[in-house]
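Residue-level structure breakdown
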Amino acid sequence: MLITPEPAARSSYRLSKSRYLSGLQCHKRLYLEIHAPALATKPDAATQAILNMGTDIGELARERFPGGRLVKAGYRQSQEALDQTAELLQDPTLPALFEAAFQFDQVLIRVDVLERVGVNELGQPTWRLVEVKSSTKLKATHLDDLTIQSYVLEGVGLALVDICLMHVNTQYVFDGRQLDLAQLFGLRSLNETVRPRLPEVPSRLAAMHTMLAEMSAPAIAPDEHCHSPYECPFWAHCTQEKPPRWIYHLPGSSKTVTLLRELGVETIDDIPDHVTLTPVQRRVKDNREWIGEGLRAALAKVRYPVHHLDFETFMPAVPKFIETRPYQVIPTQWSNHIEQSDGTLSHAEYLCQDGRDPREELTVSLLESLGQEGSICVYSSYERLILERLAEGFPSLRKDLKGVIARLWDLHVVIRDHYYHPDFDGSYSIKAVLPAVVPSLSYGDLAIRDGGVAACEYSRMIFTVSDWIEKAQIEEALLRYCERDTLAMVELRRELRKRAG
Ligand code: SF4
């Protein structure tokens, strides 16, 4: 694809920190971000919610630096931000600057926290760079992030004496009264790790600028690198001409795919017969409906009344309830479709609608709905995990919850081991399986169609939205989404029973 860069801008593009990181992931990504950003796929609601969470954490982290001052100019107001920063730097009484802007070697950065730590032997103020992340541990990309920021800060002449990452500490337990920010955030010095990386930056920047001045994007093939450390938004663009059965869609180990690509295999249909594949990969290659001999017997193992259970959960980065930790999984709702042996179907559901810790009330209502009899159909091991955690947290309900766990019956395992449909495209997720087996039922008509979005919307409904009409709309959307998950299991069992004869 030929893209003509703006003539006036061809020789000197200013990079931001995120664009530099994009360039480290893939030169083509950086090129497209600058010359053809419209080709990117917009972030979906779940991705956007994760980005928003990072912003919220960053704002909370500032409270660990009392007296610090925010550079208020927005991200698009670069010159204003640079001017405000220069002014604030002159004030020796300020202990920290938030979102301070600096530019060096055609790179513009905004620093989460720049903390004043003292004065050096030359009488210059000394500084600590603190990058705040909502993640729970150090990742390789954090080092690149800190490296480019340190490069710019030292480039403009700041005396940087420490380079730190501040991340969420999952060992912190909230006492239910006051957040202890010193415990919630872990501060880790990476000075010794980052400094040896600084000399690499000029050559990397030079390579990026040379590439950006080219008339067309570099010829880089889509691959594993497109998904790590970030999902590239140009994936759809870069793969648009790939065949539908492109070898990259073969499920399972990426090593097998890499090996096959090295052998020149372009599509799943071209895989030579002598190549050893897993049973699932073999079914994907065969590309036809497959009904295992054991399907009928596996489906017959359920005991009536059959309950169909699904939880929705959320994982607040900042704990909301007493004795919970950051990112602890909190179940917030359940749906149960109950099928009697004569086919009669009934439905029960629960959704916590206020800011209380929902777990105990949710558990009590669930135990009542599940009763003592019948199998409990789930799709994946997630429900078992939630029930086990509830049993740990509520000793008085443990015996009943253990009884529930003993009745679980996983439809996902049954389908994975005994059935395949070409429309699964190698995926056994319920979102892939349902439209293939029960085309009349899908998630397409729902306002919420994904568990990640459900979690974000729940959090928004409880802690952000004040308009009661909007709250009611979210509540309804959450209920219908969870209900669809359990109805999907009912219809999948029914349809598979027919197909198994
Ligand atoms: S999809 Fe992959 S190859 Fe294409 S720009 Fe993104 S990272 Fe590069």
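Residues numbered from 1 in each chain as written. Predicted model: local features only at pLDDT ≥ 70, side-chain atom pairs only at ≥ 80, totals over all residues. Heavy atoms only, no water.

A closer look at the overall build of the chain
- Along the backbone of the chain there are 19 helices and 14 strands.
- Here the C-alpha coordinates of the chain stretch approximately 85 × 60 × 40 Å along the principal axes.
- The buried share of the chain, taken over its 501 residues, is 48%.
- Sequence-distant contacts in the chain: of pairs separated by 6 or more residues, those separated by 24 or more amount to 68%.
- Carbon and sulfur atoms provide 51% of the accessible area of the chain, an area that totals close to 24700 Å². (Helix = DSSP H or I, 4+ residues; strand = E, 2+ residues; numbered from the N terminus. Buried < 20%, exposed > 50% of the residue type's maximum accessible area, 1.4 Å probe, protein only. Contact = heavy atoms within 4.5 Å. Areas by Shrake-Rupley, 256 points an atom, 1.4 Å probe, with all protein chains shown as cover.)

Considerations on the packing of aromatic side chains
- A complete count under the given rule lists eleven aromatic pairs for this structure.
- Centroid distance Phe314 to Tyr458: 5.2 Å. Interplanar angle 70 degrees. Geometry classified as edge-to-face. Residue Phe314 is located in strand β9 (residues 306-314), and its partner Tyr458 is located in helix α18 (residues 451-463); the two are separated by 144 residues in the primary sequence.
- By relative accessible area, Phe314 is classed as buried at 3%.
- Residue Tyr458 is classed as buried on the basis of its relative accessible area of 3%.
- Ring centres of Tyr420 and Phe424 lie 5.4 Å apart, and the angle between their planes is 80 degrees; on these two criteria the pair is classed as edge-to-face. (Phe/Tyr/Trp six-rings, centres within 6.5 Å; stacked < 30°, edge-to-face > 60°.)

Section: helix α5 (residues 140-155)
- Relative to the 22 Å expected for 16 residues at 1.5 Å per residue, α5 spans 23 Å between its end C-alpha atoms, a close match to the ideal helical length.
- Of all 16 residues in α5, 13 are buried; the element is thus mostly enclosed. (Expected span 1.5 Å × (residues − 1).)

Re the site of the ligand
- The environment of the ligand is made up of Cys26, Lys28, Arg29, Ile220, Pro222, His225, Cys226, Cys232, Phe234, Trp235 and Cys238.
- Going through the elements one at a time, α2 (27-35) and α9 (235-238) are the ones with two or more residues in the shell around the ligand.
- When its residues are assigned to classes, the shell around the ligand shows eight nonpolar, one polar and two charged. (Near = heavy atom within 4 Å. Nonpolar A, V, L, I, M, F, W, Y, C, P; charged D, E, K, R; others polar.)

Examining the nonpolar core
- Counting residues in hydrophobic clusters, the biggest one holds 81 residues, and the most contacted among them are Ile271, Leu387, Leu411, Ile415, Phe424 and Leu492.
- Among the elements that make up this core, the one with the highest residue count is helix α19 (residues 468-499) (nine residues).
- Residues within four places of Leu387 in sequence aside, it is in contact with Leu309, Phe311, Leu366, Leu401, Val404, Ile405 and Leu408.
- In terms of nonpolar packing, the next biggest core, distinct from the first, is built from 48 residues, Leu146, Val152, Cys226 and Phe234 among them. (Core = buried A, V, L, I, M, F, W, Y, C linked by side-chain atoms within 4.5 Å.)

A short note on the environment of Arg407
- Tracing the chain through its elements places Arg407 in the loop between α15 (398-406) and β13 (408-410).
- When the C-alpha atoms of Arg407 and Ala96 are compared, they prove to be 56 Å apart, with 311 residues separating the residues in sequence.
- Excluding its chain neighbours within four sequence positions, the residues that come into contact with Arg407 are His307, Leu370, Gly371, Gln372, Glu373, Gly374, Ser375 and Ile376.
- Of note is the side chain of Arg407, whose polar atom sits 2.7 Å from the backbone oxygen of Glu373. (Polar contact = N/O pair within 3.5 Å; in protein donor to acceptor, adjacent residues only side chain to side chain.)

Concerning the side chain of His35
- Relative to the helices and strands, His35 resides in helix α2.
- Assessed through its relative accessible area of 15%, His35 is described here as buried.
- Within polar-contact distance, the side chain of His35 engages the backbone oxygen of Leu212 at 3.0 Å.

Describing the packing of α18 against α19
- At a minimum axis separation of 10 Å, α18 and α19 run at an interaxial angle of 150 degrees. In terms of orientation, α18 and α19 fall into the roughly antiparallel class. In terms of crossing hand, the pair formed by α18 and α19 is left-handed. From α18, Gly451, Ala454, Glu457, Tyr458, Arg460, Met461 and Ile462 reach across to α19, where they touch Glu470, Lys471, Ile474, Glu475, Leu478 and Tyr481.
- Across the contact of α18 with α19, the residue classes break down as seven nonpolar, one polar and five charged. (Axes fitted to C-alpha atoms, helices over the stretch in contact; angles between N-to-C directions. Parallel < 35°, antiparallel > 145°, perpendicular 65-115°, else oblique. Left-handed = near helix turned anticlockwise from the far one by under 90°.)

With respect to the packing of helix α17 (residues 430-437) against α19
- Where α17 contacts α19, the axes come no closer than 10 Å and their chain directions differ by 50 degrees. It follows that α17 is oblique to α19 by the angle criterion. When the axes of α17 and α19 are compared, the crossing they make is left-handed. Facing Ile430, Lys431, Val433, Leu434, Ala436 and Val437 of α17, the residues of α19 in contact are Tyr481, Asp485, Ala488, Met489, Leu492, Glu495, Leu496 and Arg499.
- Residues of the contact of α17 with α19, tallied by class, amount to ten nonpolar, no polar and four charged.

Observations regarding the pattern of salt bridges
- Under the criterion given, the structure shown has 33 salt bridges.
- Measuring nitrogen to oxygen at the nearest pair gives 2.8 Å for the salt bridge that ties Lys133 to Asp145. Taken together, the positions of Lys133 in the loop between β5 (125-132) and α5 and Asp145 in helix α5 put the pair twelve residues apart, joining distant regions of the chain. The exposure classification of Lys133 matches that of Asp145, with both residues buried.
- A salt bridge links Asp445 to Arg484; its shortest N-O distance comes to 2.8 Å. Here Asp445, found in the loop between α17 and α18, pairs with Arg484, found in helix α19; they are 39 residues apart in sequence, far enough to count as distant.
- Residues joined in a network through salt bridges with shared partners are Glu339, Glu491, Arg493, Arg494 and Arg497. (Salt bridge = Lys/Arg side-chain N within 4 Å of Asp/Glu carboxyl O.)

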